[in-house]
Amino acid sequence: MIFVLGIDAATWTVIRPNLDRLPTFRRLCQIGRCRELILREKPVSPSVWCGMFCGQTPAEHGHEGFVADGNIVRRQDIKVDFIWDILHREGRRVKVLNVPFIVPPYSFGLDFRPVGFGLPTNEREWQEELDRVTERTRGLMAEEPDLLISVYTLLDRIQHFHWGEGCVASWYQKLDSKIGELLFGSGFFKEKRNRLIVISDHGFCSFGEAKVRTLPLESGEGKLKGDHHENALLITVNLDYPIERPQDVFFALKKELGAG
Ligand SMILES: [Zn+2]
């Protein structure tokens, strides 16, 4: 099995100085390759997640935002084949949970009702997403598909509202403990053929420092403190394929899973 664990907006900027209280990230850094993925494209979630799983650049896939011309963009509006479409056609078993290239986030091969329409906005919803994505992912891992892709979106929302506050690192701790259960509490690494990619779609910085502002300062939900940064996170375990751009995840999966 290849497991792609997506963590929207996860950044070394928070993880690195807090490694002493993030045991899962610390262990992953010991057993895998941990690095920064510097985006050359605009760090906007829908476009980056889309390119990551269809292998195309933003100019090629043309999908930039959750809304286009006043309408919510749906899966069928994006004229691409995603890795799961290709692998499924070839008879591989693929499960995809909560990928936020559209709202509500997209799932494939299963039903999942995203928390807060995929835009969880308060502590209760953040906790609920953490719990529900973890529980569902645990069940999917047990099914041992050829490919599992699972994404948490909460950090993006938390950082927009609370960047610079102590609670941000506490949410990383909560997430660290959940992914620790998934990866180290499950025997995932006991199966030597299993491979892991942990990846974010962009990093984070103070609102005023962002090269590209992805949202207006005042959102409908209040003042924003943080914004997206080009600096994304990448951890790979047992994977040799070189990933230099988000799109390379698509090519890595295609090659590793033998898709034609
Ligand atoms: Zn994002």
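Now for a description of the structure that goes with this document. Keep in mind the model is a prediction, meaning the values are calculated, not measured.

## A short note on the sheet that holds strand β7 (residues 147-152)
Here is step 1: Read across the sheet, seven strands follow the order β2-β13-β8-β1-β7-β5-β6 without closing on themselves; strand pairing throughout is mixed. For this open sheet the edge positions go to β2 (33-38) and β6 (106-108), each flanked by a neighbour on one side alone. The average angle at which neighbouring strand axes cross in this sheet is 15°, direction not considered.

## What to know about helix α8 (residues 166-184)
Here is step 1: Its 19 residues give α8 an end-to-end C-alpha distance of 27 Å, which sits within 8% of 27 Å, the value for a rise of 1.5 Å per residue.
Here is step 2: For α8, the set of buried residues is V168, W171, Y172, L175, D176, K178, I179, L182 and L183.

## Let's talk about the packing of helix α7 (residues 154-162) against α8
Here is step 1: Contact geometry of α7 with α8 gives a least axis separation of 10 Å together with a crossing angle of 170°. Between α7 and α8, the interaxial angle falls into the category roughly antiparallel. The segment α7 lies against α8, with L154, L155, I158, Q159 and H162 engaging C167, V168, W171 and L175.
Here is step 2: Per-class residue counts for the contact of α7 with α8 are seven nonpolar, two polar and no charged.

## Considerations on the packing of helix α6 (residues 123-142) against α7
Here is step 1: Contact pair α6 / α7: the axes reach a minimum separation of 10 Å and the direction vectors enclose 160°. Considering their axes alone, α6 and α7 lie roughly antiparallel with respect to each other. Between α6 and α7 lies a crossing of left-handed hand. In this structure, α6 contributes W126, E129 and L130 to the contact, and α7 contributes L154, R157 and I158.
Here is step 2: Considering only residue class, the contact of α6 with α7 consists of four nonpolar, no polar and two charged.

## Observations regarding helix α9 (residues 248-256)
Here is step 1: Every buried residue of α9 is accounted for by V249, F250, A252 and L253. Seen from one end, α9 has its buried residues packed into an arc of 165°, which puts them on one side.
Here is step 2: As for α9, its buried residues are in contact with β1 (2-7), α3 (45-54), α5 (83-89), β7 and β8 (195-199).
Here is step 3: Of the residues trailing α9, G258 is marked for its positive phi of about 65°.

## Some thoughts on unusual backbone geometry
Here is step 1: Between V103 and P104 the backbone carries a cis peptide bond, its omega angle lying at -15°.
Here is step 2: Checked against the element boundaries, P104 lands in the loop between β5 (94-99) and β6.
Here is step 3: Of note, the phi angle at E144 is positive, near 50°, even though the residue is not glycine.
Here is step 4: Of note, E144 is situated in the loop between α6 and β7.

## Remarks on the environment of I158
Here is step 1: You can see I158 is positioned in helix α7.
Here is step 2: Sequence spacing of I158 and D248 is 90 residues, and the spatial spacing of their C-alpha atoms is 28 Å.
Here is step 3: Excluding its chain neighbours within four sequence positions, the residues that come into contact with I158 are W126, V168 and W171.

## Let's talk about the pairing of β8
Here is step 1: Among the five residues of β8, five are classified as buried, and the element is accordingly described as predominantly covered.
Here is step 2: The two faces of β8 match: R195, I197 and I199 on one face and L196 and V198 on the other face are all buried.
Here is step 3: The sheet contact formed by β1 and β8 spans five bridges and is parallel. What sits directly across from G6, in β8, is I199.
Here is step 4: Across four bridges, the pairing between β8 and strand β13 (residues 231-237) is antiparallel. In the sheet register, L196 faces β13, and the bridge partner there is V237.

## Re the environment of I83
Here is step 1: Considering the arrangement of structural elements, one finds I83 in helix α5.
Here is step 2: Among the residues examined, I83 registers 26 C-beta atoms within 10 Å and is labelled buried.
Here is step 3: Sequence-wise, I83 and L147 are 64 residues apart; in three dimensions their C-alpha atoms are separated by 9.6 Å.
Here is step 4: Beyond its immediate sequence surroundings of up to four residues, I83 is in contact with F53, F250, L253 and K254.

Definitions and limits used
Residues numbered from 1 in each chain as written. Predicted model: local features only at pLDDT ≥ 70, side-chain atom pairs only at ≥ 80, totals over all residues. Pairing = 2+ DSSP bridges. Helix = DSSP H or I, 4+ residues; strand = E, 2+ residues; numbered from the N terminus. Axes fitted to C-alpha atoms, helices over the stretch in contact; angles between N-to-C directions. Expected span 1.5 Å × (residues − 1). Buried ≥ 20, exposed ≤ 12 C-beta atoms within 10 Å, placed from the backbone. Parallel < 35°, antiparallel > 145°, perpendicular 65-115°, else oblique. Contact = placed C-beta atoms within 7 Å. Nonpolar A, V, L, I, M, F, W, Y, C, P; charged D, E, K, R; others polar. Left-handed = near helix turned anticlockwise from the far one by under 90°. Arc of directions from axis to C-beta.

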